[in-house]
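For reference, the chains in residue letters:
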Amino acid sequence: MGGNTRVLRKRRLCLALGLCLSCIAVPAFAGNTDGSIVGKTAAGATVTVTSPETGLTRTVVADDKGNYRFPYLPVGKYTLQAEKDGAAVGEPLAIRVSLGNATTVDVGEAVSLEAVKVTGTSVVSAVDVTSTEIATNVTREELRRLPVDQNVDSVATLAPGVNKGVAAFGGLSFGGSSVAENSFYVNGLNVTDFYNRNGFSEAPFAFYQEFQVKTGGYSVEFGRSTGGVVNAVVRSGSNDFHYGAELTTEPADWHSSAKDRYTSDGERYLAASRDEQSLTKLNLYASGPIVQDKLFFFLMYEGRDDRPRNTSDDGTVLTRNASDDGFWGTKFDWHINDKNLLELMAFSNKNSRTGDVYDYDFEAGERGAKTNEIYTDTGGRNWNLTWSSYLTNDFSMKLMYGKNERENFQRSLSDIECNRVVANNQIPSPGVPLGCTTNSAVISRNDDRKAMRADFEWTLGDHLLRFGLDREENTSDYNRYYPGPGAIYYNIYPGDAGDTIDNGGVIPEGYQGYVRARRYEIAGTFESIDSAYYLEDNWSITPNFLLNAGLRLDAFDNKDGAGRSYIKTDDMLAPRLGFSWDMHGDGTTKLYGNLGRYFLPVANVINIKQGGGLLDERTYYAFDGYDIVERDGSRYAIPRLGPQIGPVDDSQGDGTVGDLRSEVDRDIDPVYSDEAILGFQQMLDDKWSWGVSGTYRKLHNAVDDMEISATPQCGGDGYVGWVMANPGKPVTVWGDTDCDGNADGWITIDTSREGWAMYDSEGNYLGQRGWVKPNRSYKALEFQIDRAWDGKWALNASYTLSWSRGNAEGPVNSDTEFDDTGRTENFDDPWVNLGGAGYLPNDHRHQIKVRGTYALDDHWRLGGDFKALSGSPVTGFGVGNPYDATNYHSYFICVENCDGPSTERVYVRSPRGRYGRTPWTFDVGASIAWLTSLGDKGRLQVKFAVYNLFNQQHTIRVNQDLQTTIGDTVNDTFRQPIGFQSPRFAQLTVSADF
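As the structure is a prediction and not an experimental result, all values here were calculated from the model.

Draft legend 1. Representation of the overall build of the protein chain within the structure. Within the protein chain, the secondary structure is distributed over 4 helices and 60 strands. Relative to its length of 994 residues, the protein chain is compact, with a C-alpha radius of gyration of 30 Å against a globular reference of 30 Å. Taken along the three principal axes of its C-alpha coordinates, the protein chain extends 100 × 65 × 45 Å. Across the 994 residues that make up the protein chain, the buried fraction comes to 59%. Counted over contacts in the protein chain with a minimum sequence separation of 6, partners at least 24 positions apart contribute 70%. A total of about 36900 Å² of accessible surface is found on the protein chain, and carbon and sulfur atoms cover 52% of it.

Printed below as a string of structure tokens:
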């Protein structure tokens, strides 16, 4: 090996002391539940690693070039020793293996530890020259030093370029992606919500040992994500018995009140100051050996008392929620021998919540009669079994099988006799609550995932081959309908006589508004099967240059309620190519890069709502005021229906499955993203490192619903209906080939120029129009500097400069809050997205993140976390367009002759981001912790943390509907703030470990 001897000694010394857990980039060739150790030593030397915690011992023989590798090592501490001809090669080294990382350790006479005292708290940063991906690792120990709220989202947002979603449905945005494009793993088990892809099965914080947040360049082992990956492992037992308890409390008095929000004329539109949150959790755990050096256990139980309280937006309804279900989790590790390891992980996050609903007088602060009870059941049992086998010195295998369950069942006492009623803010209040239920839908859903995978590693000279396969069977048992008589949901909207509404009808004279009465019902069992094969070669072309080349072959099969393939895409080849150049040959400086393609599955919500007999029936009436009704001593209002306006609209679902050949493109292409990364990283000394990287991502295709109302053969007489397809590309469906009104053959419509029949307001056919192709690009420069924890202080700071631009955010719409993944408004007709290119909702130009810890002495520790985020674009959406009489969301505003024929209306374009951006947000977390010993082996920590220290409640979301009907009036609530930073709250955590 070349390079300066002094620098080389420093590098090896750093490895002896340990590796940083929050490095800027981490390697690509370690499993998703463990890590590995690789390096060089004397040719033919015997290298042995031993875990002081479990006694696990493994031995390999270095090849004729001195290369050695230990794959699939459980996360933890190890001692490494090399020997040749009965003599030690170098000194024993203390090493920390972290999740998803390959720790590089070169062993030889050049390693000198004579003047160094190695301690368990001495940890330094190191540049890993085997890395071709970007990720952030965070351990349980680091989180206990920092003010990080106890949920996975808060951990993920520590990573550069990761932010919380801007819509009401939450989620995480990685690198400008939508919140429905990520994957989440616990001990190798995929726990991502496959129904809507926004969310995951989460365990309590104290169950996890380490997190890895992958933000780009991840290997072919991972797929089904065009955003990011959060990968976590849980705690395990060892040869020493341990037990402990952790109490976390957030009393209601420690939560600052949210602000009530008022219009410019002083009228309150959002009552929030009486909302409260109270949470207490007690966690108990025990771990240790069942059989010394062989069989280990970890058991945990967490009891929870969660009591949030909230008022309705208008302050007339108060809901007091309560949940006290406990969580249990366990991990068993059986070291059958030094070559075989069997692991069982299981946890249950089942939870039941009851909400008591009362009438409420906000002004007087008085609670009235109880009107309802709402019951919500969530979560489920999750488990997986993993077998790791080291078959030979150069060949290893890992097999996994597991199940992930998620329940979502919401219902209330009033569901039988009470309809849901919601009115636009511009509709005068009747002075009593609207409807007698706050439950918007009765939903019962059980999602069940069966996951299995096999992974292999094979070392062949300078090549490390990794290959495997995985398969997931995702089943949703679903039932949904609206509460109340007729299962109808009433929405009341403002409007003037003569206004054209959504179904093309016109509000009659004498009425100032209209009512939409909607039935929405669906039930069935729906399945999707996702499978993949992958092959990867890590080729050490020279001692200083590594090439990583991989291929992943994905296949997705979404089935309808009858078990037939509905949307099926296969032969999706995802190549990945990366390199890492150890520029000085001493492991202190590297240049790396990565090119990759990533595919996104179709969420199960599409099977259910498009291939499951959906009834979506919308009937419109003139609004004739309110009727006041009494129930159980309480009065409430329901809309009085005037004359029906226009026809009943069941175009989005008439209750039948129909001929699916007419509802999905026969040759549909999947959604995929291409990514390019170029980065540089340098170690400054044994604690400091810095790096810079550039990322470019481009999202291709959309799978979304389009209303194809014309064909090239039959024009406007060739109506097909709602089709799942790729907007802007040729679509082949079963349709009418001879214009006799009957579907009798395959037809192809080039939706880039045709497929939409245009009509004016008089019903005259104007011709056809096509759709614009969806596109999204993300460009970012990321700077980061890291100072590793050495027992005294640590610091990590990052700055991300990014641009997210295009005409489609992804499978969901944040700006219009459409969260049915893959069934957005974006492509319902060609006008919804025409002229819609610009900066997208998850575009935050500037992101600054700083976190750190400082030890005042052996007992007192300070922690801090700072985030600054620039705002997101504000768009003024209109309805209608200059080309036909359609009334949908659009990027056009009617400014003249809006009440006249469509051919006389005058529109102006309202482009994305025209109305500036939401304000910057700043979030400061602070903590102080006191630590002391409890006997010989015990430790007590008391940590007090404050989140959003300065109680910033800046706006993060606004109403972006500039016009709600075709008219020249501006929506009074346009740009009205509707989403805000969470208020300040404090959290006390007391933990005792023995």
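After that view of the structure, there is still more to cover.
Draft legend 2. Examining the state of the cysteines more closely. A complete count under the given rule lists 3 disulfides for this structure. Here Cys894 connects covalently by a disulfide to Cys898, the sulfurs 2.1 Å from one another. One quick way to see it: the torsion about the S-S bond of Cys894 and Cys898 is about -115°, and its sign makes the bridge left-handed. The exposure classification of Cys894 matches that of Cys898, with both residues buried. By sequence-ordered numbering of the bonded cysteines, the protein chain has its disulfides arranged as 1-2, 3-4, 5-6.

Draft legend 3. Broad picture of empty space enclosed by the protein. If you walk through the whole model with that rule in mind, you get 18 cavities of 30 Å³ or more. Its volume calculated, the largest cavity comes out at about 230 Å³. Around the largest cavity sit 22 residues that line it, and Val671, Ala702, Val703, Gly810 and Pro811 are the ones nearest its centre. Here the residues of the lining of the largest cavity are counted per class, giving 13 nonpolar, 7 polar and 2 charged.

Draft legend 4. Expanded view of a nonpolar patch on the surface. There is a patch of nonpolar side chains on the surface, built from Trp254, Tyr854, Leu856, Trp860, Leu862, Ile928, Trp930 and Phe944 and spanning about 700 Å² of accessible area. Of all the secondary-structure elements, those providing two or more residues to the nonpolar patch are strand S51 (860-869) and strand S56 (921-934). Tracing the backbone through its elements, the reader meets Phe944 in strand S57 (residues 938-947). Judged by relative accessible area, which is 34%, Phe944 ranks as partly exposed.

Draft legend 5. Quick peek at the pattern of salt bridges. By the definition in use, this model includes 53 salt bridges. With a shortest N-O distance of 3.5 Å, Glu142 and Arg851 are connected by a salt bridge. With Glu142 in helix H2 (residues 140-145) and Arg851 in strand S50 (residues 846-855), this residue pair connects regions lying 709 residues apart in the sequence. The class for Glu142 is buried, based on a relative accessible area of 11%. Put simply, Asp667 and Arg666 hold a salt bridge, and the shortest N to O gap is 3.6 Å. A residue is classified by how much of its surface remains accessible, and Asp667, at 43% relative accessible area, is partly exposed. If you follow the salt bridges from partner to partner, you end up with Arg224, Arg449, Asp470, Glu472, Arg552 and Asp554 in one network.

Draft legend 6. View of the sheet that holds strand S8 (residues 102-104). The mixed open sheet is built from 3 strands, whose spatial order is S5-S2-S8. A single partner strand is all that each edge strand has here, and the edge strands are strand S5 (67-73) and S8. Adjacent strand axes in the sheet meet at a mean angle of 15°, parallel and antiparallel pairs treated alike. Sheet topology note: the strand S2 (residues 35-40)/S5 ladder contains 5 bridges and is antiparallel. The residue of S5 that forms the bridge with Val38 is Arg69.

Draft legend 7. The arrangement of the sheet that holds strand S4 (residues 57-61) in detail. In space, the 4 strands of this open sheet follow the order S4-S3-S6-S7, with antiparallel pairing throughout. The two strands at the open ends of the sheet, each matched to only one other strand, are S4 and strand S7 (87-97). On average, each strand axis in the sheet is tilted by 20° relative to the strand beside it, whichever way the strands run. Sheet topology note: the strand S3 (residues 46-50)/S4 ladder contains 5 bridges and is antiparallel. Across the sheet, residue Thr50 finds its bridge partner in S4, namely Thr57.

Draft legend 8. Region of interest: the environment of Arg861. Examined against the element boundaries, Arg861 turns out to sit in strand S51. The class of Arg861 is buried, set by a relative accessible area of 19%. With 391 residues separating them along the chain, Arg861 and Asp470 place their C-alpha atoms 44 Å apart.

Draft legend 9. Examining the environment of Tyr390 more closely. By secondary structure assignment, the location of Tyr390 is in strand S27 (residues 381-390). Taking the relative accessible area as the measure of exposure, Tyr390 reaches 7% and is therefore buried. Sequence separation of Tyr390 and Glu417 is 27 residues, and the distance between their C-alpha atoms is 63 Å. Among the polar contacts listed, one links the side chain of Tyr390 to the side chain of Arg58, at a separation of 2.5 Å.

Draft legend 10. Region of the structure containing the confidence of the model for the protein chain. Across the protein chain, the average pLDDT comes to 90, with 95% of residues at or above 70. The low-confidence segment residues 1-30 (pLDDT under 50) makes 118 contacts with residues lying over four places distant or belonging to another chain. In the model, residues 109-125 has pLDDT below 50 throughout and makes 41 contacts with residues more than four positions away in sequence or in other chains.

Draft legend 11. View of the side chain of Asn283. Its location among the elements puts Asn283 in strand S19 (residues 279-291). For Asn283, a relative accessible area of 2% corresponds to the buried category. Filtering out sequence-adjacent residues up to four positions away, Asn283 remains in contact with Ala206, Gly244, Ala245, Glu246, Met300, Tyr301 and Glu302.

Draft legend 12. View of unusual backbone geometry. Its identity is not glycine, yet Asn701 carries a phi of approximately 70°, on the positive side. Along the chain, Asn701 falls in the loop between strand S40 (688-700) and strand S41 (704-708).

Draft legend 13. Representation of the pairing of strand S6 (residues 76-84). Here S3 pairs with S6 via 5 bridges, running antiparallel. Its bridge partner lying in S6, Val49 is registered against Leu80. In this sheet, S7 lies alongside S6 in antiparallel orientation, the contact comprising 8 bridges. For Glu83, the partnering residue across the bridge sits in S7 and is Ala88. Hairpin remark: S6 followed by S7, antiparallel, with 2 residues in the connecting loop; positive phi at Asp85, about 55°.

Draft legend 14. Molecular detail of the environment of Tyr799. Mapped onto the elements of the fold, Tyr799 is located in strand S48 (residues 793-806). Among the residues examined, Tyr799 registers a relative accessible area of 27% and is labelled partly exposed. A C-alpha to C-alpha distance of 9.4 Å links Tyr799 and Ile785, two positions 14 residues apart in sequence. If near-sequence neighbours (up to four positions away) are discounted, Tyr799 is found in contact with Leu781, Glu782, Phe783, His846, Gln847 and Ile848. A polar contact is formed between the side chain of Tyr799 and the side chain of His846, at a distance of 2.7 Å.

Draft legend 15. Region of the structure containing the packing of aromatic side chains. Tallying each qualifying case throughout the model produces 39 aromatic pairs. Plain terms: the ring middles of Phe395 and Trp458 are 5.9 Å apart, the flat faces sit at 80° to each other, and that makes the pair edge-to-face. In this pair, Phe395 sits in strand S28 (residues 395-412) while Trp458 sits in strand S30 (residues 442-460), placing the two residues 63 residues apart along the sequence. Residue Phe395 is classed as partly exposed on the basis of its relative accessible area of 21%. Geometrically, the ring pair formed by Phe877 and Tyr891 is tilted, given 5.3 Å between the ring centres and 50° between the ring planes. On the criterion of sequence distance, the pair formed by Phe877 in the loop between S51 and strand S52 (878-879) and Tyr891 in the loop between strand S53 (889-890) and strand S54 (892-896) is long-range, its members being 14 residues apart. The exposure classification of Phe877 matches that of Tyr891, with both residues buried. For the cation-ring pair, Arg367 lies above Tyr358, with the distance from its terminal atom to the ring centre recorded as 4.2 Å. The ring of Tyr839 is capped by Arg845, whose NZ or CZ atom sits 4.6 Å from the centre of that ring.

Rules used in this analysis
- Residues numbered from 1 in each chain as written.
- Predicted model: local features only at pLDDT ≥ 70, side-chain atom pairs only at ≥ 80, totals over all residues.
- Heavy atoms only, no water.
- Helix = DSSP H or I, 4+ residues; strand = E, 2+ residues; numbered from the N terminus.
- Rg over C-alpha atoms; globule rule 2.2 N^0.38 Å.
- Buried < 20%, exposed > 50% of the residue type's maximum accessible area, 1.4 Å probe, protein only.
- Contact = heavy atoms within 4.5 Å.
- Areas by Shrake-Rupley, 256 points an atom, 1.4 Å probe, with all protein chains shown as cover.
- Disulfide = S-S within 2.5 Å.
- 1 Å grid on protein atoms, 1.4 Å probe; cavity = no way out; pocket = protein on both sides within 12 Å on 5 of 7 lines; lining within 4 Å.
- Points joined across faces, edges and corners; volume = space filled by probe spheres on them.
- Nonpolar A, V, L, I, M, F, W, Y, C, P; charged D, E, K, R; others polar.
- Patch = residues over 30% accessible without salt bridge, like charges linked within 9 Å, V, L, I, M, F, W, Y side chains within 5 Å.
- Salt bridge = Lys/Arg side-chain N within 4 Å of Asp/Glu carboxyl O.
- Pairing = 2+ DSSP bridges.
- Axes fitted to C-alpha atoms, helices over the stretch in contact; angles between N-to-C directions.
- Polar contact = N/O pair within 3.5 Å; in protein donor to acceptor, adjacent residues only side chain to side chain.
- pLDDT = per-residue confidence, 0-100.
- Phe/Tyr/Trp six-rings, centres within 6.5 Å; stacked < 30°, edge-to-face > 60°.
- Lys NZ or Arg CZ within 6 Å of the ring centre and 35° of its normal.

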